[in-house]
Amino acid sequence: MQHRVRAVLLTPNNTMLLIKRIRPGVDPYWVIVGGKIEPTDASPEEALLREVREEIAGEAEIVSLLHTIETDDERQDFYLAAIEKWSFEDRTGPEFSEEGRGEYLLEEIPLTTEAIGAINLLPQEIALVLREAVERGELLAAR
């Protein structure tokens with residue numbers, strides 16, 4: 001089973017950082033920063049912090065585990081994390097240098113149900129979880 005970790009990165013601006021994917025022949029969609037746990041990672045949390053460093057050259061502080069999505073062949077753990085500084089231009093993840101992967105754009109999305117509902121955030125289950133967390137005030141409280 002593939003194990004992935006994702007960071008719902010909450011900024012001091014009451015936004016979250018998401019990556020907008022633009023690929024030929026596919027409608028644009030947004031994903032949460034993260035990726036696969038590697039054999040060299042000491043823990044899921046260590047993998048998460050490594051992915052944040054690679055994908056946005058940022059240092060995050062993990063707040064809590066928010067949600068897990070598990071299928072027959074994959075598990076994704078979504079963590080709430082606070083971040084204050086990042087540099088998308090300094091990212092180093094291997095996916096950014098591979099030909100044919102399309103565009104990766106970093107965007108700040110307001111922590112509102114309207115803003116989350118206005119984008120095609122994948123997987124859809126996490127979009128629902130995030131909208132519900134915003135309605136309950138949990139994301140702003142986590143900052």
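In this text, all values refer to a predicted model and were calculated from it rather than measured experimentally.

Draft legend 1. Representation of the overall build of the protein within the structure. For the protein, the count of helices and strands is four helices and six strands. Each helix and strand of the protein, ordered N terminal to C terminal, gives the series β-β-β-α-β-β-β-α-α-α. Projected onto its principal axes, the C-alpha positions of the protein cover 40 × 35 × 35 Å. For the protein, buried positions account for 42% of its 143 residues. Across the protein, every contact between residues at least 6 apart in sequence was considered, and the portion connecting residues at least 24 apart equals 64%. When the accessible surface of the protein is split by element, carbon and sulfur atoms take 46% of a total near 7600 Å². In the protein, 15 side chains carry a positive charge and 29 a negative one; their mean positions are 2 Å apart.

Draft legend 2. Quick look at the pairing of strand S5 (residues 74-83). Of all ten residues in S5, eight are buried; the element is thus mostly enclosed. Here strand S1 (residues 2-10) runs beside S5; their pairing, made up of nine bridges, is parallel. Note on S5: the bridge partner recorded for Gln2 is Glu74. Relative to S5, strand S4 (residues 60-70) is paired through nine bridges, and the arrangement is antiparallel. Considered in S5, the bridge of Leu65 is made with Tyr79. Hairpin connection between S4 and S5: a loop of three residues separates the two successive antiparallel strands.

Draft legend 3. Region of the structure containing the nonpolar core. In this structure, Met16, Leu18, Ile32, Leu121 and Leu130 are the most contacted members of the largest nonpolar core, which totals 23 residues. Counting only elements with at least two residues in this core, the list comes to S1, strand S2 (15-23), strand S3 (26-36), S5, helix H2 (113-117), helix H3 (124-135) and helix H4 (138-142). Not counting residues within four places of it along the chain, the set of residues in contact with Met16 comprises Val8, Leu9, Leu10, Glu107, Glu108, Ile109, Leu111, Ile116 and Leu130. Formed by 16 residues, the second largest nonpolar core is a distinct cluster that contains Val5, Leu9, Ile19 and Ile56.

Draft legend 4. Examining the environment of Ala133 more closely. Structurally, Ala133 is set in helix H3. Looking at Ala133, the relative accessible area reads 0%, which means it is buried. Setting aside its immediate chain neighbours within four residues, Ala133 contacts Glu138 and Leu139.

Draft legend 5. Structural context of the pattern of salt bridges. The tally for this structure, following the rule as stated, stands at nine salt bridges. The partner of Asp41 in a salt bridge is Arg50, and the shortest N-O contact between them spans 2.8 Å. For Arg50, a relative accessible area of 14% gives the class buried. For Glu54, the salt bridge identified is with Arg50, shortest N-O distance 3.2 Å.

Calculation notes
- Residues numbered from 1 in each chain as written.
- Predicted model: local features only at pLDDT ≥ 70, side-chain atom pairs only at ≥ 80, totals over all residues.
- Heavy atoms only, no water.
- Helix = DSSP H or I, 4+ residues; strand = E, 2+ residues; numbered from the N terminus.
- Buried < 20%, exposed > 50% of the residue type's maximum accessible area, 1.4 Å probe, protein only.
- Contact = heavy atoms within 4.5 Å.
- Areas by Shrake-Rupley, 256 points an atom, 1.4 Å probe, with all protein chains shown as cover.
- Lys, Arg positive; Asp, Glu negative; His and termini not counted.
- Charge placed at Lys NZ, Arg CZ, Asp CG, Glu CD.
- Pairing = 2+ DSSP bridges.
- Core = buried A, V, L, I, M, F, W, Y, C linked by side-chain atoms within 4.5 Å.
- Salt bridge = Lys/Arg side-chain N within 4 Å of Asp/Glu carboxyl O.

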